[in-house]
Amino acid sequence: MENATVPLLTPDQFLDYLPENPVKESFARAWIYMTNNYTKFQIATWGSLIVHELIYFAACMPGIIFQFIPFMRRFKIQSNRPETFEGQWKCFKLLMFSHFCIQLPLMAGTYVFTEFFNIPYGWEEMPPWFVYNIALRVFGCAVIEDTWHYFLHSALHDKRIYKHIHKVHHHFQSPFGMTAEYAHPAETLILGMGFFWGILLLANHVVLMWAWVMIRLFETIDVHSGYEIPYLNVFHLVPFYGGARYHDFHHYNFTGNYSSTFTWWDKIFGTDRQFKEYYAKLEGKKEKKQ
Ligand SMILES: [Zn+2]
Ligand SMILES: [Zn+2]
């Protein structure tokens, strides 16, 4: 009898069916230039710093502009608490300290880490684009980080230690994008570890580190932005994504909604109860008015 099983597509065959990456050529040229002209240490340290700073402030930019556009006020979650110049300046100063005195040494440490685990830098070892590799690995990193964040963030809210560390991040009851990394150095280290666990388990190339940094920054700045703009945010296509309203409530209420990205841990442990009740009440009020 003939074997009737249909051979499954290998990942590489699957990629043949997807369109060519339109920026592949220019990306390849830039990457090869970088690896030919800079050492691995320079790439891991200064490259990561540049990626981090560019993405951080690019992601903050819409929120910085929105505060000057009266039309955008309807999308501000805590509309009675607008951004102030003093608040943003205070935040910027602490960010500069945190980025250059705490995070930069950590970035230098990633060089040692990539060498220890033989994580490649070259164009030849670059993983293919699209779903099955980079995107899935980044998603895996996000799931791991979210889990770490949920439990450690809840622990930082413990009455005995809250005032020593996490109180700094809660200085802004109505957050704006830049407040995403406004935190005590100890918190930067403790919650920042969640970023590295995924890399430890899933990194197959330095590019994954940067892809994950980019997504994590866009995500954390989105949830701290203070603005919930319907239909335009692609993150809301990801199932169980919390979003700005979700984390804004954590800053407004100080308790509950401890996750960074997804909603499942808060659902499982019932720590989203106050959030759900608050919005159910708001909806009720709206219906009564109509
Ligand atoms: Zn908190
Ligand atoms: Zn926050």
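It should be emphasised that the depicted structure is a prediction, and the values quoted were computed from it without experimental measurement.

Procedures and definitions
Residues numbered from 1 in each chain as written. Chains lettered and ligands numbered in written order. Predicted model: local features only at pLDDT ≥ 70, side-chain atom pairs only at ≥ 80, totals over all residues. Axes fitted to C-alpha atoms, helices over the stretch in contact; angles between N-to-C directions. Helix = DSSP H or I, 4+ residues; strand = E, 2+ residues; numbered from the N terminus. Parallel < 35°, antiparallel > 145°, perpendicular 65-115°, else oblique. Left-handed = near helix turned anticlockwise from the far one by under 90°. Contact = placed C-beta atoms within 7 Å. Nonpolar A, V, L, I, M, F, W, Y, C, P; charged D, E, K, R; others polar. UniProt positions renumbered as here; feature names shortened; annotations may be inferred. Buried ≥ 20, exposed ≤ 12 C-beta atoms within 10 Å, placed from the backbone.

## A look at the packing of helix α7 (residues 185-202) against helix α8 (residues 206-224)
For the pair α7 and α8, the least separation of the axes is 11 Å and the interaxial angle reads 150°. On the basis of the axis angle, α7 is roughly antiparallel to α8. Taken as a pair, α7 and α8 cross one another with a handedness that is right-handed. Along its contact with α7, which presents Phe195, Gly198, Ile199 and Leu202, the element α8 presents Leu208, Met209, Trp212 and Arg216. Grouping the amino acids of the contact of α7 with α8 by side-chain chemistry returns six nonpolar, one polar and one charged.

## Comments concerning the UniProt feature "transmembrane region" (unreviewed entry) in the chain
In this structure's numbering, the residues bearing the UniProt feature "transmembrane region" (unreviewed entry) are residues 54-73, 94-113 and 195-215. In residues 94-113, the share of helix is 100% and the share of strand is 0%. The end C-alpha atoms are 27 Å apart. End-to-end, the C-alpha atoms of residues 195-215 are 11 Å apart, and along that stretch the chain is 86% helix and 0% strand.

## Side note on the environment of Tyr246
Tracing the chain through its elements places Tyr246 in helix α9 (residues 244-253). By C-beta crowding, Tyr246 is classed as buried, having 21 other C-beta atoms within 10 Å. Distance in space between the C-alpha atoms of Tyr246 and His236 is 12 Å, their sequence separation being ten residues. Non-local contacts of Tyr246, meaning those with residues more than four positions away in its chain, are made with Val223, Asn257, Thr263 and Phe275.

## Some details on the environment of His157
With respect to the helices and strands, His157 occurs in the loop between α5 (131-156) and α6 (159-162). Spatially, the C-alpha atoms of His157 and Ser260 are 14 Å apart, while their sequence positions differ by 103 residues. Apart from residues no more than four positions distant in its own chain, His157 is found in contact with Tyr162, His166 and Thr255.

## Digging into the packing of helix α3 (residues 40-66) against helix α4 (residues 85-116)
The description of two packed helices rests on the angle between their axes and on the distance between the axes. Across the interface, α3 lies against α4 with an axial gap of 8 Å and an inter-helix angle of 140°. On the basis of the axis angle, α3 is oblique to α4. Between α3 and α4 lies a crossing of right-handed hand. Across the interface between the two elements, Lys40, Phe41, Ala44, Thr45, Ser48, Leu49 and Glu53 of α3 pack against His99, Leu104, Met107, Ala108, Thr110, Tyr111 and Thr114 of α4. Residues that form the contact of α3 with α4 fall into these classes: seven nonpolar, five polar and two charged.

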